[in-house]
Amino acid sequence: MKSRTLNLRKSAFTLLISFVLFFISAAANAQSGTQIVKGMVIDELGDPMTGVTIVAEGTTVGTITNLDGLFTLDIPSGVKNITVSFVGYTSQRVAVSTGKNIKIKLLPETTELDNVVVIGYGTARKSDLTGSVSNLSSEQFNSGLISSPEQLINGKVSGVQIMSQSGSPTAGSSIRIRGGASLNASNDPLIVLDGVPLEIGGISGNSGNFLSLINPNDIESMTILKDASSTAIYGSRASNGVIIITTKKGSGDKMKVSFSSTNSLQTVTKLPEMLSRDEFVNVIKSKGTSQQVALLGTDNTDWNNQIYETAFGTDNNVSLSGRVVKNLPFRVSMGYYNQDGILKTDNVERYTGSLSLTPSFFKDHLKFNVNVKGSLNNNRFANTDAIWSASVFNPTIPVYSGKEIFGGYNEAVDNAGNPVNAGVRNPLGLLMQQYSTSKVRRVVGNVDMDYKFHFLPDLRFHITLGGDYASGEGKVYIPAEAAANYTTNGRDYKYGPQKNRNELITTYLTYGKYFDKIKSNIEVTAGYDYQKWISNTPAYIETSTLGETIYTTRRYNQRHDLLSCYARINYSYDSRYMLTATVRRDGTSRFSGENGIRFGTFPSLALGWRVSEEAFLKDNDLINNLKIRASYGVTGQQDGDQIGNYSYLPVYTISQPEAQYQFGSVFYPTYRPEAYDATKKWETTTAYNIGFDLGILKDRISCNFDYYTRKTKDLLATVPVPAGTNFDKTIMTNVGNIDSEGFEITLNVTPVQTKNFTWDMSFNATWQKVRITNLSLIEGAPMVNTLVGPSIDSYNFQVFSEGYAPYMFYIYHQLYDVNGKPIEGAYADLNDDGQINSADRYRYHSPAPDYIFGFSTSFRYKKWNLGMSMRSNIGNYIY
């Protein structure tokens, strides 16, 4: 009875208040007059939007749209504007119009990416950027069958070189921003996925293409930070630039289903020039021995046709996005990708899934961003030895011998019927008799919380918890009858599972406010990061197919940590003069904690002047944007496989079983001391950048230009050391310097722009130069040549030398006959000492290009789109 009485009292009180408010409102309307505004609100697709808030500006009078997107609002006659808002969409201020219906179109907040750029620990308007930053949205990405995220921007950004490491679909890409800034340390840029910095490198079974485990179809935008001012907020990991990847989020009021399927055929377009079958026979008969002539057969086998195929690829994606409830936008997607290689037995298969939740509470004061992305890669790796074998194998014999030996493949044998020692094997047999596969799993997830304080809305607190977990394993099986492993009775080799963990916690505060009286906008950010990486690889034993032990390895466990604090201030006056100052302090577990070398401090400063906002240019009909930028910054380096996690400590390594010491009939393991340098410290890069941005005819023509210089000192490099001074003949230490400079230009033009038809063009060009200026532990010492790069028969054909570009080819000078053809085995005696040896090698060109060009164009007619892109590297050589 008491509860019922209380409810009646509440109802009566509510009714009384309603009557009072009604009469007050009626009295106000009677005194000031009202006007009726009617209209309809639609989304970006033209569909009606339900629940949109419409408020008379300067009042509390408001309403919401009905199921058909319609609204009617009775507002005071003095009000001139209404505001229209909906969660996840950009609010609009609309002029009041009576007597007719207003049609209002709201656009998702994601469309603001054209004006807002994701930068380190926040966002910024393009007009306020002071550093060298490029941003591409999904509409600007390369189209077609894209296997890995970096291919989306290949050729689209000046100063960025992306080169596939091979033609295999399982191969990765080499990404270089402004040519890289190191030698033995990593030259890969830092990749940040939804706020989570990813580990550089790979994992067992996918070592060359770790980035390919992310589905390109889930990516909304990519931001490339190039100069030290924009990258310094990431400190020690940013010497080689930063690529920030932002994935797609849910938006809109209605459920939206998207499906896409891309299919392709790839084929070999060019092969090295080779002798025909008849030309080959003529050479053997005219110049070969009788034994060689006896090996000629009567068949005509094109071995390239045997190993290459037309490769089919397919990429299929489906996504569902919308809102479960008003404040819970979501997006879920699934993808299936399968690509054959042009080399038979080469294949990659990928399953991906992602979930994004972006709820908000307390009128958007509290926002969450939850992202989970998972992938499963199944790879099969072709035996690339077949490529060389197909170019030299006897074209006069058939593929198959008709016998059971060697699995039925025709092979070169000696008098005993065994495969010729070190001989070339049947190309197709090399492919079909090797079964090399891997399975790689990866999950990347993060939870972001952003809170805008109620008592001080200009102050925000942000926290990110992120994780990147991957495991990789594989096996290689070659049957005992295969000629390639005939002497070892085949091969049965399993590796992994290697497990990598990358965990992150980021917290920062941001205060941003515009002060009308002094025409100043100030944003201050300060934060703290902790990130750790753990890698575990089990021991494994390689055996023959008969169970005989061939090779063993030991268990491998590694870990390193990074602790950081940072601060940044952005200041602009009257939208004309801008300043950005950043400082970050990093501490790494890879360096000693003694003598203060574990921590490094990395500052930066950038200035910007928007000349187009000055009075003499503000109302110019031709130039709508002109901004001049200049920046300075210092970044660090401590990444790279050769640096090691414990190479500053005296570490002892237990021997492999085959290297144990025998006492009597018992074998004992031994411990070997590793080379170490307790004084190893940060490699640092100091960079300067000057540039300008120009927009003409409301950005129908726009141009960006940058000139930069970089100087890296205390290089982390592997150099020779005097005998007896350490436990190896070479050591990783701080030595030398490397300098680089370059310029970049990007030109965007829209020649035609109408309601239904648009034609866009974009061109970018880069010139870059990198030189090693010092590579000696002792000042004034003779020039040191350090052999590096891959080796063929213990022959390293690249070199580090002072005064030259890194990784120049270090080769013998080929001699040619009067017809311009190379003389086999004939080389020049460059030092005139009467003999040909390593002293006659010389530096000849570099794998790095002098110029990089990119061009793309697109034609859009209503919802149809036709695009094309081209890219070119000039001045680079391959071996």
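Analysis parameters
Residues numbered from 1 in each chain as written. Predicted model: local features only at pLDDT ≥ 70, side-chain atom pairs only at ≥ 80, totals over all residues. Heavy atoms only, no water. Salt bridge = Lys/Arg side-chain N within 4 Å of Asp/Glu carboxyl O. Helix = DSSP H or I, 4+ residues; strand = E, 2+ residues; numbered from the N terminus. Buried < 20%, exposed > 50% of the residue type's maximum accessible area, 1.4 Å probe, protein only. Patch = residues over 30% accessible without salt bridge, like charges linked within 9 Å, V, L, I, M, F, W, Y side chains within 5 Å. Areas by Shrake-Rupley, 256 points an atom, 1.4 Å probe, with all protein chains shown as cover. Core = buried A, V, L, I, M, F, W, Y, C linked by side-chain atoms within 4.5 Å. Contact = heavy atoms within 4.5 Å. Lys, Arg positive; Asp, Glu negative; His and termini not counted. Polar contact = N/O pair within 3.5 Å; in protein donor to acceptor, adjacent residues only side chain to side chain. Pairing = 2+ DSSP bridges. Axes fitted to C-alpha atoms, helices over the stretch in contact; angles between N-to-C directions.

A. Inspection of the pattern of salt bridges at higher detail. Under the criterion given, the structure shown has 29 salt bridges. The partner of Arg629 in a salt bridge is Asp693, with the nearest N and O atoms 3.0 Å apart. Taken as a pair, Arg629 in strand β32 (residues 623-637) and Asp693 in strand β37 (residues 683-696) lie far apart in primary sequence, 64 residues in all. Since its relative accessible area comes to 10%, Asp693 is described here as buried. Among the salt bridges present, the one from Lys681 reaches Asp714, with a minimum N-O distance of 3.8 Å.

B. Region of interest: a nonpolar patch on the surface. A surface patch of nonpolar side chains, about 990 Å² in accessible area, is lined by Met255, Val257, Phe259, Val318, Leu320, Val332, Met334, Leu355, Val372, Val443 and Tyr469. Put simply, the parts of the chain that give the nonpolar patch at least two residues each are β17 (256-266), β18 (311-323) and β19 (329-340). Here Leu320 lies in strand β18. Residue Leu320 is classed as partly exposed on the basis of its relative accessible area, which comes to 31%.

C. Here's a closer look at the nonpolar core. In terms of nonpolar packing, the biggest core is built from 23 residues, with Ile153, Leu198, Met222 and Ile243 touching the most fellow members. Those elements giving two or more residues to this core turn out to be β11 (160-164), β12 (173-177), β13 (190-193), β15 (219-225) and β16 (242-247). No other element matches β15, which puts three residues into this core. In this view, Ile153 contacts Leu136, Phe141, Asn142, Ile162, Met222 and Ile224; residues no more than four positions away in its chain are not counted. Among the nonpolar cores identified, the runner-up in size contains 19 residues, and Val52, Ile54, Ala56 and Val84 belong to it.

D. Structural context of the side chain of Arg350. Along the chain, the position of Arg350 falls in strand β20 (residues 347-357). Nearest to the buried, unbridged Arg350 among oppositely charged side chains is Asp315, at 4.8 Å. Within the structure, the side chain of Arg350 is placed 2.7 Å from the backbone oxygen of Ser147, a separation counted as a polar contact. Polar side-chain contacts of Arg350 include one of 2.7 Å to the backbone oxygen of Ser212. Among residues more than four places away in sequence, those in contact with Arg350 are Ile146, Ser147, Ser212, Ile214, Asn215, Pro216, Gly335, Tyr336, Tyr337, Leu376 and Asn377.

E. The arrangement of the sheet that holds strand β2 (residues 53-56) in detail. Within the open sheet, the four strands sit side by side as β3-β2-β5-β6. Their pairing is antiparallel. Because the sheet does not close on itself, it has two edges, and the strands there are β3 (62-64) and β6 (92-95). Strand-to-strand twist of the sheet, defined as the mean angle between neighbouring strand axes without regard to direction, takes the value 25°. As judged from the three bridges shared by β2 and β3, these two strands associate in the antiparallel manner. Directly across from Thr53, in β3, lies its bridge partner Ile64.

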